[in-house]
Amino acid sequence: KMKRSINANPIDLVYPGIALGNVMGAQDMNGLSQRCISHILNAASLKCPCFFPQAFSYKAMPLTDTPSQNIMQFFAETSKFIHDVRASGRTVFVHCVE
């Protein structure tokens, strides 16, 4: 399996209203703004801070971005957050560290 560079495409629009990325994208105020991001789901808040709390609405999940991390317990909460953002016609950026 080829490992993607942490700098490659740090913000990818993958579906209407949903962008995915990494810590580089989470720190890119211009990139987030250019893609009309209004909300950010930080899926690695134990390792990665919410960089712009004054500019975006955050949902910070206490995860570490490791293969052994149990993320299933957060599916209902994160799915609702993503759904609510998209239903309002806005765009959410979901990121971890890598």
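Now for a quick tour of the structure. Here the structure is a predicted model, which means the values were calculated and not measured.

Within this model, the largest pocket holds a volume of roughly 280 Å³. Considering the residues around the largest pocket, the lining is formed by 15 residues, among which A43, L63, I71, F75 and V94 are closest to the centre. Elements that contribute at least two residues to the lining of the largest pocket include exactly α3 (75-87) and β5 (91-95). Ranked by residue count, the leading element in the lining of the largest pocket is α3, at three residues. Taken together, the residues that form the lining of the largest pocket break down as 10 nonpolar, four polar and one charged.

A few words now on the nonpolar core. In terms of nonpolar packing, the biggest core is built from 10 residues, these being I18, L41, M61, L63, F74, F81, I82, V85, V92 and V94. For this core, the secondary-structure elements that each account for two or more residues are α3 and β5. Excluding residues that lie within four positions of it along the chain, L41 makes contacts with K59, M61, T78, F81, I82, V92, F93, V94 and H95. Judged by nonpolar contacts, the second largest core, of nine residues, contains A19, L32, I37 and I40.

Quick look at the sheet that holds strand β4 (residues 57-60) now. Judged by pairing direction, the sheet is mixed, and its five strands sit side by side in the order β1-β2-β5-β3-β4 without closing on themselves. Looking at which strands have only one partner, the edges of the open sheet turn out to be β1 (11-15) and β4. Taken over all neighbouring pairs, the strand axes of this sheet differ in orientation by 25 degrees on average, direction set aside. One ladder, built from four bridges, connects β1 with strand β2 (residues 18-21); its direction is antiparallel.

Take P53: it is sitting in the loop between β3 (37-42) and β4. Residues P53 and V85, 32 residues apart in the sequence, show an inter-C-alpha distance of 16 Å.

Take the side chain of H95 next. Following the sequence through the fold, H95 ends up in strand β5. The class for H95 is buried, based on a relative accessible area of 2%. Other than its neighbours up to four places away in sequence, H95 contacts G21, N22, A26, I40, L41, N42, A43, A44 and C48.

Reading guide: rules and limits
- Residues numbered from 1 in each chain as written.
- Predicted model: local features only at pLDDT ≥ 70, side-chain atom pairs only at ≥ 80, totals over all residues.
- Heavy atoms only, no water.
- 1 Å grid on protein atoms, 1.4 Å probe; cavity = no way out; pocket = protein on both sides within 12 Å on 5 of 7 lines; lining within 4 Å.
- Points joined across faces, edges and corners; volume = space filled by probe spheres on them.
- Helix = DSSP H or I, 4+ residues; strand = E, 2+ residues; numbered from the N terminus.
- Nonpolar A, V, L, I, M, F, W, Y, C, P; charged D, E, K, R; others polar.
- Core = buried A, V, L, I, M, F, W, Y, C linked by side-chain atoms within 4.5 Å.
- Buried < 20%, exposed > 50% of the residue type's maximum accessible area, 1.4 Å probe, protein only.
- Contact = heavy atoms within 4.5 Å.
- Pairing = 2+ DSSP bridges.
- Axes fitted to C-alpha atoms, helices over the stretch in contact; angles between N-to-C directions.

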